[in-house]
Amino acid sequence: MKVVVATTVALSFISFWRGASIVLSDLASSVFYAGGIAEQAVGKSAAWLVLGVMLFSFAVRSVYMESCGMFVRGGVYVVVRDSMGPFVARISVSSLIFDYILTGPISVVSAGQYLGGLLNEVADLIHQPYKVDPNHFAAFFGIVVTIYFWWSNIKGIHESSGKALRIMQITTVMVVALLIWCPITMLLHGTWTPPPAPIPSHLHFSNDALGWFRGTIWPTIPAIAIIIAFGHALLSMSGFETLAQVYREIAYPKMKNLKITANIVCWYAVICTGLITIFAVMIIPDSVRSKYYDNLIGGLAMNLAGPYLMRLGFHLFVVVVGVLILSGAVNTSIIGANGVLNRVAEDGVLLDWFRKPHHKFGTTHRIINLVVLLQILTIALSKGDVYLLGEAYAFGVVWSFFLKSMGVLVLRFQRHDQEYKFPFNLRVGKIELPFGLGATTLILGFVAIANLFSKQIATKFGVAFTAAVFVVFTISERINARKRKQLHESKTLEEFNLEHQPTVDAKTIHARPGCVLVAVRDFHRMDHLKRVLEKTNLRRHDIVVMTVRTISTGAGEYELSEAQIFSDYEREVFSHVVELAEKEGKPVELLVVPAVNPFDAMVQAAAQLQASRLVTGVSARMASEELARNIGLAWEKLPEPRHAFSLEVISPDRPPVYVNLGPHPPRLWPEDVDRLHEIWLELSKDAGIGAKLHHRDVVGLALRRLEEELSGADREAILDALRNEPDHAGEPD
C-alpha cells in the first residue's frame, strides 16, 4: 500500500521584510527614472509632483490593506469581480497585466542605460575608442537579466524574495549616503534653489506630454493642468498591486505584518524617490540636467561636493545599485504577473493548463514562462528606448489603481466584514460614509481619464494589449465553464503535485517529531483545523493535515492508481485546507493515506510521524466519546513499543474531548485528590509507617488491590460502581 504526499504552489510564507523588499524592488526603483521622465513632460515642478505622488501612496496603501483583509488572494480581479461583475474585472486585470509586462522592461532597460553610460565614461577616461550603443546594450542587458530572474522564479518565491531583500539592503546604503551628502553639498555651495511650486504657471508641457489635449482648451484650465501633470508623475508609484499578491505569502500574523510591510514601503518611497528627486533638481545645474534625464541619480552623484575621484567612485556605486534594484524590478514584475494570472486561473478565467505546478519546484512555471516571453519581446521591440517604455508603462498603473479603489468603495456598501478599513469615515445613523476612500477613488478616476487622453502611445498600445488579453480571458472562461458543467464542478480547485511513498515517513513529510497531525475528511467540517492553525506555535510544532482514502478489504493486493488514492474529492478537501492555511499565514504538510480502517490509518500515521497530538473533528455518524474510544482501541493494536500521544476531538458547539493515548500520569478530579490526602493522613497516624508513607504509595497499593479484585468474585461489583460514576466526558484524564 502506498501513501501520497501532496504539495501545492501555495503555503510558502515569507516575512514582512521580504514582502516589503519585493514591493520596493519596483516602487523604489522608480527613483532612477521617474523624475527624469516627469521633468521632460512638465518641467522642473515635476520634482514636487513626484513627492506628492509618494505621499499619496499612503492613501493607495490603505485601499490595498482593506481589500487584502477581505480577500487573501486579493488583487484587482477578485475585488472588481465581487463588486462590479466579471466583465469589468476582466478589463481591469487585462490592463494590469499590461502594466506588469512593461514594469520589467522599463526597469531593466533603464539599468542597461546606466551601465552602458558608465562603460562609455570609463572608455573616455582611459582614452579607448571602443564604445557601446546605449540603446542596443540596454536591450541586450535587459534580456539577459530577465532570463536570470526567470530561473529564480521558477525555483520559487523564497529564492526570489531573498535576492530582493539583499538588493534593498544595498540600495539603503546608497539612500543613506545621499541623504547625508546632499544637505552637506547644499550647505557648502551656499546657493541652491528649490524647484518651482507645481502651480499651472510653472508647468511647461512638452508636445508629447499633452497628447490629444494639444491644441484644446483643457490644458489652460488650472485644475485639469495639475491633474495632467500629476498623471505624468504617477508612474513613480507603480508596484502596489504586488502588495496584494505578496499578501498571500506573508506569514502569520498576516494583517499585522501587512501593515508593517505597507508602512515600510510608503515611508521608504517618500524618502528615497520623493526627497532624492528634489535634491537632484536642487543640486544639478539647469544647464546640464537635461543630459541626465535618463541617468538622474548618476548626475546627482557627479554634482555633489568633494574631490572628483570621490564623486566618480560614488557614481560607480550608484550605477551598481541602480543595476541591482532596476534589475530586481524584473523579479517583482514576474512575481506580480504570476500572482495575478494565478488568481484569475483559480477563478476559471484562465485555462487550468497554465496552473500545472513544476514537477520539482511546485511553481506555476507555464505562467512564468509566458510572462517572461512577453517581456523579452517588449525589450526587443523597444530597442532600449526608456522614454518609449515609460510612456506606455503608465497606462495600466492608474487604471488598475482606479478600478481597485472603485471596487473596494462599492464593497463598503455590500459587505461588513472588513478586517481593516480606510480611515476618515463618518457614521450618520446606520450609514457609514467613507469620505477618505471616496476622495481617493475620485482622484484616481480623474488622473486615469487624463492619462487616457494625454498619453497617445500608452493609450494605443495599452488598449490593443488589453483587448487582446480580454479576448483570451473570455474564451478561456467559457471553455472552463463548459468543463465544469460537464464534470458538475462548482468551483476551480487547487493544482497539486503528488509524490507516492510506500509508507508515511517524517523526512518525506518534512515534519519534525512532536508535530500536530490533523485528520480531515469533510470540507464542510473544518473548525478543528481552523482552531489548530490559530493556536499552534510553528516554532515548536509543524502541522500535518491528513485525509484517509477509504478502500475495500483486499484492495492491498493490487497497485492502486493515482485516481484511486487522490480523487477529485481529496483535491477539493485539500483546496479548502490550503485556503484556511493561507488565511492564517501558516504552512501545512498534506498527506493522503489509503486504508480499510480510518482509525488504524490515523493512529499509525501519528505514530510514524512521532506526533505529539492527533486532532480530529466531530463525526456525523458517532458521538465524540465513541470516536475517541475507537481511536484509542486502534492505538492499543499498535505493535510495541507504542508511541504515546494525545488525542483531541474538537466540536464547534461543545467543549473538546481530550484523551491521552499510552501510559501517562492521570489528571485527578479535586475531590479525588482530597480523598487521597485524607487516606494518606489516616494511614500516616500509624506509628509503624509515619513519614515513610507517600501519596504515591497509597495509589500504588490501591491499584494493586483493584487489579487483584478484578480477577476475583468482586469483578461485577467493581464494574457496576464504575458505571455509576459521574459522567466527566470531554475532560482530560
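Residues numbered from 1 in each chain as written. Predicted model: local features only at pLDDT ≥ 70, side-chain atom pairs only at ≥ 80, totals over all residues. Heavy atoms only, no water.

### Let's talk about the overall build of the protein chain
Stage number 1. The helix and strand tally for the protein chain stands at 27 helices and ten strands.
Stage number 2. Across the protein chain, every contact between residues at least 6 apart in sequence was considered, and the portion connecting residues at least 24 apart equals 80%.
Stage number 3. Surface summary for the protein chain: the accessible area is close to 33,100 Å², and the carbon and sulfur share equals 62%.
Stage number 4. Computing the positive centroid from 67 side-chain charges and the negative centroid from 66, the protein chain places the two 7 Å apart. (Helix = DSSP H or I, 4+ residues; strand = E, 2+ residues; numbered from the N terminus. Contact = heavy atoms within 4.5 Å. Areas by Shrake-Rupley, 256 points an atom, 1.4 Å probe, with all protein chains shown as cover. Lys, Arg positive; Asp, Glu negative; His and termini not counted. Charge placed at Lys NZ, Arg CZ, Asp CG, Glu CD.)

### So, the confidence of the model for the protein chain
Stage number 1. In the predicted model, the protein chain carries a mean pLDDT of 84, and 92% of its residues have values of at least 70.
Stage number 2. Of the regions scoring below 50 in pLDDT, residues 554-558 engages in three contacts with residues more than four places distant in sequence or in other chains. (pLDDT = per-residue confidence, 0-100.)

### A word on the pairing of strand S5 (residues 516-519)
Stage number 1. Here S5 shows a buried face lined by Val516 and Val518 and a second buried face lined by Leu517 and Ala519.
Stage number 2. Here S5 pairs with strand S6 (residues 543-550) via four bridges, running parallel. Considered in S6, the bridge of Val516 is made with Ile543.
Stage number 3. For the crossover that starts at S5, traverses helix H20 (residues 527-535) and ends in the parallel S6, the hand is right-handed. (Buried < 20%, exposed > 50% of the residue type's maximum accessible area, 1.4 Å probe, protein only. Pairing = 2+ DSSP bridges. Right-handed = clockwise from strand over helix to strand, strands pointing away.)

### Things to note about the side chain of His315
Stage number 1. The residue His315 is located in helix H14 (residues 308-346) in this model.
Stage number 2. What makes His315 buried here is its relative accessible area of 1%.
Stage number 3. With residues near it in sequence (within four places) discarded, His315 still touches Glu121, Asn295, Gly298, Ala301 and Met302.

### What to know about the packing of helix H1 (residues 16-27) against helix H10 (residues 240-247)
Stage number 1. Here H1 crosses H10 at 160 degrees, and the two axes come no closer than 9 Å. Of the possible angle classes, the one that applies to H1 and H10 is roughly antiparallel. Both H1 and H10 take part in a crossing whose hand is right-handed. On H10, the residues touching Gly19, Ile22, Val23 and Leu27 of H1 are Phe240, Thr242, Leu243 and Val246. (Axes fitted to C-alpha atoms, helices over the stretch in contact; angles between N-to-C directions. Parallel < 35°, antiparallel > 145°, perpendicular 65-115°, else oblique. Left-handed = near helix turned anticlockwise from the far one by under 90°.)

### Let's talk about the side chain of Thr261
Stage number 1. Tracing the sequence through the fold places Thr261 in helix H11 (residues 254-283).
Stage number 2. By relative accessible area, Thr261 is classed as buried at 0%.
Stage number 3. Setting aside residues no more than four positions away along its own chain, Thr261 makes contact with Phe16, Gly19, Ala20, Leu243 and Ile250.

### Focus: unusual backbone geometry
Stage number 1. Cis geometry is adopted by the peptide bond preceding Pro253, which originates at Tyr252 and carries an omega value of -10 degrees.
Stage number 2. Note that Pro253 resides in the loop between H10 and H11.
Stage number 3. In this model, Glu640 is joined to Pro641 through a cis peptide bond whose omega is -5 degrees.
Stage number 4. Residue Phe424 is not a glycine yet carries a positive backbone phi of 70 degrees.
Stage number 5. Here Phe424 shows up in the loop between helix H16 (386-411) and strand S2 (425-428).
Stage number 6. Since its relative accessible area comes to 65%, Phe424 is described here as exposed.
Stage number 7. Positive phi values are uncommon outside glycine, yet Gln610 reaches one of about 55 degrees.

### Thoughts on the state of the cysteines
Stage number 1. Applying the stated criterion to the full structure yields zero disulfides.
Stage number 2. Considering cysteine sulfurs only, Cys272 is the nearest to Cys182, which forms no disulfide, with 12 Å between them. (Disulfide = S-S within 2.5 Å.)

### What about empty space enclosed by the protein?
Stage number 1. Tallying each qualifying case throughout the model produces two cavities of 30 Å³ or more.
Stage number 2. Taken together, Asp26, Asp99, Tyr100, Thr103, Ser238, Gly239, Phe240, Glu241, Val397, Ser400 and Phe401 form the lining of the largest cavity.
Stage number 3. Those elements giving two or more residues to the lining of the largest cavity turn out to be helix H5 (86-125), H10 and H16.
Stage number 4. Classifying every residue of the lining of the largest cavity by side-chain character gives four nonpolar, four polar and three charged. (1 Å grid on protein atoms, 1.4 Å probe; cavity = no way out; pocket = protein on both sides within 12 Å on 5 of 7 lines; lining within 4 Å. Points joined across faces, edges and corners; volume = space filled by probe spheres on them. Nonpolar A, V, L, I, M, F, W, Y, C, P; charged D, E, K, R; others polar.)

### Looking at the nonpolar core
Stage number 1. Formed by 152 residues in total, the largest nonpolar core has its most connected members in Phe32, Leu178, Met237, Phe240 and Leu300.
Stage number 2. At 17 residues, H11 tops the list of elements feeding residues into this core.
Stage number 3. Leaving out residues up to four positions away in the same chain, Phe32 has contacts with Ser110, Tyr114, Met174, Asp294, Leu296, Ile297, Val318, Val321, Gly322, Ile325 and Leu326. (Core = buried A, V, L, I, M, F, W, Y, C linked by side-chain atoms within 4.5 Å.)

### Considerations on H5
Stage number 1. The end-to-end C-alpha separation of H5 is 59 Å, in line with the 58 Å expected for 40 residues at 1.5 Å each.
Stage number 2. The sharpest bend along H5 reaches about 25 degrees and sits at Leu102, with the proline Pro105 one to four residues further on.
Stage number 3. Burial within H5 is extensive, with 29 of its 40 residues counted as buried.
Stage number 4. Phi turns positive, to about 60 degrees, at His127, one or two residues after H5. (Expected span 1.5 Å × (residues − 1). Bend = angle between axes of the 7 residues up to and from the residue.)

### Topic: the environment of His358
Stage number 1. Tracing the sequence through the fold places His358 in the loop between H14 and helix H15 (365-382).
Stage number 2. For His358 and Lys155, which are 203 residues apart along the polypeptide, the C-alpha to C-alpha distance reads 8.9 Å.
Stage number 3. Ignoring any residue separated from it by four or fewer positions in sequence, one finds His358 in contact with Ile154, Thr363, His365 and Asn497.

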